[in-house]
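Architecture and fold: a report
Given next are the chains, with one letter for each unit.
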Amino acid sequence: MLLSVLNYVGMAVFAASGALIGVRKRLDAFGIWTLAVLTGLGGGVARDLLLGITPPTTFKGWENLTVTSVAAFVVFFFHPQFGSLRRTVDVLDAFGVALFASTGALLAVHADTSPLAAALIGVTTGLGGGILRDVLVNEVPLLLRGGELVAVPALVGAGLTVAVDQAGGGEVWALVVGTSVAFFFRVIVMWRGWTAPYAPDNAWAGIAGLARRRRDRPTP
Amino acid sequence: MLLSVLNYVGMAVFAASGALIGVRKRLDAFGIWTLAVLTGLGGGVARDLLLGITPPTTFKGWENLTVTSVAAFVVFFFHPQFGSLRRTVDVLDAFGVALFASTGALLAVHADTSPLAAALIGVTTGLGGGILRDVLVNEVPLLLRGGELVAVPALVGAGLTVAVDQAGGGEVWALVVGTSVAFFFRVIVMWRGWTAPYAPDNAWAGIAGLARRRRDRPTP
Amino acid sequence: MLLSVLNYVGMAVFAASGALIGVRKRLDAFGIWTLAVLTGLGGGVARDLLLGITPPTTFKGWENLTVTSVAAFVVFFFHPQFGSLRRTVDVLDAFGVALFASTGALLAVHADTSPLAAALIGVTTGLGGGILRDVLVNEVPLLLRGGELVAVPALVGAGLTVAVDQAGGGEVWALVVGTSVAFFFRVIVMWRGWTAPYAPDNAWAGIAGLARRRRDRPTP
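Note that this is a predicted model, so its numbers are computed, not measured.

Looking at the relation of the copies chain B and chain C
Note on the identical chains: chain B maps onto chain C by a rotation of 120° and an axial translation of 0.0 Å, with an RMSD of 0.0 Å. The symmetry that links the two subunits is that of a three-fold axis. Nearest to the rotation axis, the C-alpha of N138 of chain B is located 3.8 Å from it, this being the minimum over chain B. Interface residue correspondence from chain B to chain C reaches only 10%, placing this contact among heterologous pairings that use different surfaces.

Details of the interface of chain A and chain B
Listed by partner, the interface residues are 30 residues for chain A and 38 residues for chain B. For the pair chain A and chain B, the summed buried surface comes to about 2,700 Å²; carbon and sulfur atoms form 73% of the total. Of all residues in chain A, D28, F59 and F77 of chain A give up the largest surface area on contact with chain B, accounting jointly for 24% of the area buried on that side. Along the contact surface separating chain A from chain B lie zero salt bridges.

As for the environment of V37 of chain C
All names here are of chain C. Structurally, V37 is set in helix α2 (residues 29-51). Classification of V37 as buried rests on a relative accessible area of 10%. Residues V37 and G122, spaced 85 residues apart in sequence, show a C-alpha to C-alpha distance of 20 Å. Not counting residues within four places of it along the chain, the set of residues in contact with V37 comprises G42, L65, T68 and S69.

Let's talk about the UniProt feature "transmembrane region" (unreviewed entry) in chain A
All names here are of chain A. Per the UniProt record, "transmembrane region" (unreviewed entry) is annotated on residues 6-23, 30-50, 62-79, 91-110, 116-135, 142-164 and 170-189. Counted over residues 91-110, helix gives 100% and strand 0%. Its end C-alpha atoms are 29 Å apart. Annotated as residues 170-189, this span is 95% helix and 0% strand, and its ends, taken at the C-alpha atoms, are 28 Å apart.

Digging into the UniProt feature "domain: Glycine transporter" (unreviewed entry) in chain A
As recorded in UniProt, the feature "domain: Glycine transporter" (unreviewed entry) lies at residues 5-79 and 91-164 of chain A. Across residues 5-79 of chain A, helical content stands at 80% and strand content at 0%; the span's end C-alpha atoms are separated by 24 Å.

Procedures and definitions
Residues numbered from 1 in each chain as written. Chains lettered and ligands numbered in written order. Predicted model: local features only at pLDDT ≥ 70, side-chain atom pairs only at ≥ 80, totals over all residues. Heavy atoms only, no water. Least-squares fit on C-alpha atoms with pLDDT ≥ 70 in both. Contact = heavy atoms within 4.5 Å. Buried area = accessible area lost by both parts, 1.4 Å probe. Salt bridge = Lys/Arg side-chain N within 4 Å of Asp/Glu carboxyl O. Helix = DSSP H or I, 4+ residues; strand = E, 2+ residues; numbered from the N terminus. Buried < 20%, exposed > 50% of the residue type's maximum accessible area, 1.4 Å probe, protein only. UniProt positions renumbered as here; feature names shortened; annotations may be inferred.

Here it is in structure tokens:
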């Protein structure tokens with residue numbers, strides 16, 4: 001029940017992020033709707049294909065299609081209200097990724113996959129929709145672009161979900177802990193502007209630079 | 001039998017649309033062939049993965065590979081004849097989408113999926129090859145670009161196919177009705193230049209605008 | 001055993017090619033790592049989905065993730081050493097494609113698919129990671145670009161692997177023959193700068209041109 005409600009919330013925020021990018025790319029109403037639906041449902045379909053659940057759950061009822069369509073509809077008309085919030089797309093994306101990574105990992109564990117596989121399938125669930133969205137509008141996925149730790153928070157969140165569940169903490173705590181950690185980790189990354197290092201031009205200088213970087217990190 | 005012949009026709013026109021785009025993008029012979037084959041077979045592979053049919057049917061015989069290769073070969077040499085017809089790629093694409101959406105939906109129904117899932121899998125079958133084609137040549141899929149209702153006609157056609165089949169109309173009528181409606185709906189959209197609205201800059205003005213738009217639509 | 005070691009080698013060179021492209025595209029450390037892992041594992045995941053092996057083998061243990069991560073790490077620090085070798089990415093890519101096409105085809109045969117399906121799944125295994133890599137960094141896949149016969153060597157190698165295995169030559173010889181032929185075929189293509197023809201502007205002139213082309217080909 002909780003799992004299913006959270007899944008709808010994740011889908012809606014994902015679809016909203018897809019719709020917002022569609023608005024920014026000047027797609028028309030149906031383009032925005034299609035992009036929103038694919039962004040909202042893409043991660044779950046990838047998860048089901050990896051778990052061998054065919055046809056994917058999302059194809060079996062009207063609910064997911066309705067939730068993502070409503071999200072697209074709301075964004076279509078009220079995007080200025082969304083857009084004026086700073087970095088709205090990124091925060092929505094962070095929340096969707098965190099939720100889906102956690103719920104995806106939990107569903108995978110319940111489908112009797114190994115803990116490691118469950119965590120990785122969780123990450124795929126969380127990132128699948130966003131990768132699909134960015135590839136379709138012809139952008140290098142947020143996941144790969146500089147200065148944005150996207151995969152690591154999702155991996156930590158999905159791993160924690162599996163760990164809490166396997167340790168007997170119950171599915172509620174597994175989801176709460178996994179989602180919260182993945183979300184706040186990602187938000188802190190965006191807020192502090194934490195960047196990952198670029199490839200050094202010279203290996204030894206690069207290694208020395210990494211060491212210096214760690215030593216000189218300014219205290220918050 | 002009919003289903004299988006129609007499937008080859010759909011594959012060939014899809015492969016031809018892929019080959020034509022390959023020619024326009026100045027790909028070489030093998031690039032054109034690869035793009036044609038992937039465009040022709042992509043939707044069917046997506047359908048089989050969603051239905052849990054592994055390995056996908058298309059991998060099991062020479063037929064599909066041969067049909068798409070012949071289509072690529074013909075376009076390679078005779079593309080000026082194709083290209084001089086106005087909007088040829090779009091019309092071929094429309095026919096391929098309509099056929100695949102309808103046959104995909106029917107195959108899904110015969111594989112005992114629910115009517116809704118069957119319609120959605122039909123749409124995926126119809127649009128999968130074209131999305132793959134556009135993503136591979138680094139374009140935003142036709143599906144998402146402005147003024148082109150692509151997904152809606154496919155959805156209507158796939159839905160009608162399922163409805164006619166479930167109502168006991170027989171598979172021939174299901175395919176004829178579904179394919180024809182999806183195709184002519186799409187062609188009319190292209191012919192009349194029907195465009196979908198863009199996201200309004202202001203919600204209330206936008207809603208008012210939609211209402212005005214409906215009222216002021218010029219009579220044909 | 002041999003199969004498994006070769007698989008790691010293929011994964012590592014594929015991941016290295018992904019990491020090198022990441023470095024060239026100025027992605028940061030995590031972007032490079034993600035691209036390397038997806039490039040290294042993408043072909044195998046595609047193979048497992050096509051064979052109905054869920055969850056994909058690659059999700060079941062740490063080994064593949066470790067191998068690709070190490071390859072990404074090495075390239076991250078020592079890319080100038082890699083990059084100064086001429087066409088390094090292309091040669092690494094050629095080796096990865098050849099190995100994966102051959103091992104993928106053999107795994108498919110062992111999973112009781114038909115010889116033809118096995119060869120095609122081998123090609124998909126070989127090319128899947130590279131296509132994913134190029135699509136993610138927003139490039140038209142190497143596979144489609146002019147003057148580069150990529151799919152044909154892979155198809156020949158995968159086909160030979162299946163043929164040797166079916167003829168009772170044993171899996172070692174099947175892999176050695178398939179991989180070597182696919183690799184050297186591809187390297188010769190790159191070395192000699194063999195180009196495939198472009199689509200002719202006029203069909204009959206084009207066919208005449210092809211005939212002339214064959215007659216006039218300079219002796220090596």
